[in-house]
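Reading the structure
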Amino acid sequence: MTISSQLLASLVTATEEVFETMVFKPLVRVPPASGPRQSGVVASVAFAGHRRGMVSIHSSLAAARDITGAMLGMPCETVNGEMPDAMGEVANMVAGTFRNKLAAVEPASDIAVPMVTIGSDFTTKYSHAVRRAECAFEMEGHCVSVDLILIGDEPARTRPA
C-alpha cells in the first residue's frame, strides 16, 4: 500500500515551513538515498485519532548539531546537551504543522510527546504492516529525511462538521 501524494505534499510543506521559520535553514528536496540510511539521530512523534502513525526526522549527528545551533542561535560547535530537546522540538513542530494541515480536510488526530534516539550503530525498522514514505532533503550539505509511517487502512475521506 502506498501513501497518497496529498499526505506527502502536506508533510513536505510542513517540514519546509518549520525549517524556514524555526530552524532558519532552507531545505532542498532530493530523492531518497538508495540502501540503508546512516542516521545518528532520529526524532519521532506519534499521532493517533482519525489517522494513526508517526513522523520521524532522521539526520547525522553533525546535521542535528547544525539544526540545534541554528534554532537556538548558537555556534554548532558549542552545542552539547541541548541537541536532544531541540531535535525533539523540531519533530514536534513538523508533526504539529502536518497535523494542522490535515485537520483542515479531515478530523484531527492527537500527537504524542517526542522521542529522540541518538547513537552510532542502530537501524530503524518498521513492521511490514505499516505504510512508510521517506521525504529526503538537503540542508547545507547535510542529508535530512522525514519519514511518514501510517498504521492501518486509509480512513474514509470526510470533512469535519
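We now turn to the structure provided with this report.

Here is what the cut-offs are and how they apply
- Residues numbered from 1 in each chain as written.
- Predicted model: local features only at pLDDT ≥ 70, side-chain atom pairs only at ≥ 80, totals over all residues.
- Heavy atoms only, no water.
- Helix = DSSP H or I, 4+ residues; strand = E, 2+ residues; numbered from the N terminus.
- Buried < 20%, exposed > 50% of the residue type's maximum accessible area, 1.4 Å probe, protein only.
- Contact = heavy atoms within 4.5 Å.
- Salt bridge = Lys/Arg side-chain N within 4 Å of Asp/Glu carboxyl O.
- Core = buried A, V, L, I, M, F, W, Y, C linked by side-chain atoms within 4.5 Å.
- Expected span 1.5 Å × (residues − 1).
- Disulfide = S-S within 2.5 Å.
- Polar contact = N/O pair within 3.5 Å; in protein donor to acceptor, adjacent residues only side chain to side chain.

**Some points on the environment of N80**
- Among the secondary structure elements, N80 is positioned in the loop between helix 2 (61-72) and helix 3 (83-103).
- Spatially, the C-alpha atom of N80 lies 9.4 Å from that of T68, the residues being 12 residues apart in sequence.

**Describing the side chain of S10**
- Within the secondary structure layout, S10 lies in helix 1 (residues 5-23).
- Overall, the relative accessible area of 13% leaves S10 in the buried class.
- The residues contacting S10, other than those within four sequence positions of it, are F98, K101 and L102.

**Here's the deal with the pattern of salt bridges**
- Under the counting rule described, the total for this entry stands at 5 salt bridges.
- One salt bridge in this structure joins E134 and R132, with 3.3 Å as the shortest N-O distance.
- Residue class for R132 comes out partly exposed when judged on its relative accessible area of 39%.
- Each of R132, E134 and D147 takes part in salt bridges that share partners, so that together they form one network.

**Quick look at the nonpolar core**
- Judged by nonpolar contacts, the single largest core of 39 residues is most densely connected at V55, V90, F98 and L148.
- Secondary structure elements with two or more residues in this core: helix 1, strand 2 (41-49), strand 3 (52-59), helix 2, helix 3, strand 6 (130-139) and strand 7 (142-151).
- Sorting elements by how many residues they give to this core places helix 3 first, with 10 residues.
- Not counting residues within four places of it along the chain, the set of residues in contact with F98 comprises L7, S10, L11, A14, F47, V55 and L148.

**Thoughts on helix 3**
- With 21 residues, helix 3 should reach 30 Å at 1.5 Å per residue; the first-to-last C-alpha distance of 30 Å fits that figure.
- If you check which residues of helix 3 are buried, you get M83, A86, M87, G88, V90, A91, M93, V94, A95, G96, F98 and L102.

**Looking at the state of the cysteines**
- Counted according to the given criterion, the structure contains 0 disulfides.
- As a non-bridged cysteine, C76 has C143 as the owner of its nearest cysteine sulfur, 18 Å distant.
- By relative accessible area, C76 is classed as partly exposed at 24%.

**Side note on the side chain of R131**
- As for its position among the elements, R131 is in strand 6.
- Overall, the relative accessible area of 4% leaves R131 in the buried class.
- A distance of 3.3 Å separates a polar atom in the side chain of R131 from the backbone oxygen of T2.

**Examining helix 2**
- Taking 1.5 Å per residue as the helical rise, helix 2 with its 12 residues ought to reach 16 Å, and the 16 Å between its terminal C-alpha atoms agrees with that figure.
- Residues A63, A64, D66, I67, T68, G69, A70 and M71 constitute the buried set of helix 2.
- On its buried side, helix 2 packs onto helix 1, strand 2, strand 3, helix 3, strand 6 and strand 7.
- Positioned one or two residues after helix 2, G73 has a phi angle of 70 degrees, which is positive.

**Regarding unusual backbone geometry**
- Positive phi outside glycine occurs at F24, with the angle close to 65 degrees.
- Looking at the secondary structure, you find F24 in the loop between helix 1 and strand 1 (28-30).

**So, the environment of R37**
- Relative to the assigned elements, R37 resides in the loop between strand 1 and strand 2.
- Residue R37 is classed as partly exposed on the basis of its relative accessible area, which comes to 25%.
- For the pair formed by R37 and L72, sequence separation is 35 residues and the distance between their alpha carbons is 27 Å.
- The contact partners of R37, leaving out residues within four places of it in the chain, are H58, R132, E134, S145 and D147.

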